[in-house]
Amino acid sequence: EVLGVRLAAALDAFAGDSTSRIVLPLLHWIFPSAEPSLLEAVHYAIRKLAHVTEYAVLGALALRAIRGLRRNARSSRPEIALAMAFSLAVATTDELHQGLTAQRSGAASDVALDLAGAGIGAALYAAGQRSSSALGEDSEPGGSKTARR
């Protein structure tokens, strides 16, 4: 589902020109005295923050899935590396796809933002898992938690 949302966001309907028709009037309504250049900068920041947020979710879910497959692993470094590699592959593919559409263009800087987001998501997920372990709970990939005995 996450990949489906990401792929849909890569379509022309989510290009900057398209989203500006909705976001800029909304920003102008919220900040009526703001200069147009400021509103455009905020719109740009929102778009880039979306990259980080989407890939934070992807990074966390990728790490969760990989950990579910490697239950008895001794180190989390290979798991995090796999989650980051998967996220990098998705980000690169996404930007290449955007380069083939009429209103979009792929950018290496967006891949870097995506990878940063994936790293944040994976780190937050790993920290949450460590916190659960410290509290005496084992989190299972299915979402249920059981107390240690």
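Keep in mind the model is a prediction, meaning the values are calculated, not measured.

**Remarks on the overall build of the chain**
Next, step 1: Looking only at helices and strands, one finds five helices and two strands in the chain.
Next, step 2: Ordered by position from N to C terminus, the α and β elements of the chain give α-α-α-α-α-β-β.
Next, step 3: Looking at the chain residue by residue over its 149 residues, the buried ones come to 30%.
Next, step 4: Accessible surface computed for the chain: about 9,400 Å², of which carbon and sulfur atoms make up 65%.

**Regarding a nonpolar patch on the surface**
Next, step 1: On the surface, a cluster of nonpolar side chains totalling about 480 Å² of accessible area is made up of Leu26, Trp29, Ile30 and Phe31.
Next, step 2: Inspection of the secondary structure puts Ile30 in helix α2 (residues 16–30).
Next, step 3: Relative accessible area serves as the criterion here: at 44%, Ile30 is assigned to the partly exposed category.

**Examining the confidence of the model for the chain**
Next, step 1: When pLDDT is averaged along the chain, the result is 79; 72% of the residues meet or exceed 70.
Next, step 2: Within the chain, the lowest mean pLDDT, 48, falls on strand β2 (residues 145–147), and the highest, 91, falls on helix α4 (residues 77–99).

Cut-offs and rules
- Residues numbered from 1 in each chain as written.
- Predicted model: local features only at pLDDT ≥ 70, side-chain atom pairs only at ≥ 80, totals over all residues.
- Heavy atoms only, no water.
- Helix = DSSP H or I, 4+ residues; strand = E, 2+ residues; numbered from the N terminus.
- Buried < 20%, exposed > 50% of the residue type's maximum accessible area, 1.4 Å probe, protein only.
- Areas by Shrake-Rupley, 256 points an atom, 1.4 Å probe, with all protein chains shown as cover.
- Patch = residues over 30% accessible without salt bridge, like charges linked within 9 Å, V, L, I, M, F, W, Y side chains within 5 Å.
- Salt bridge = Lys/Arg side-chain N within 4 Å of Asp/Glu carboxyl O.
- pLDDT = per-residue confidence, 0-100.

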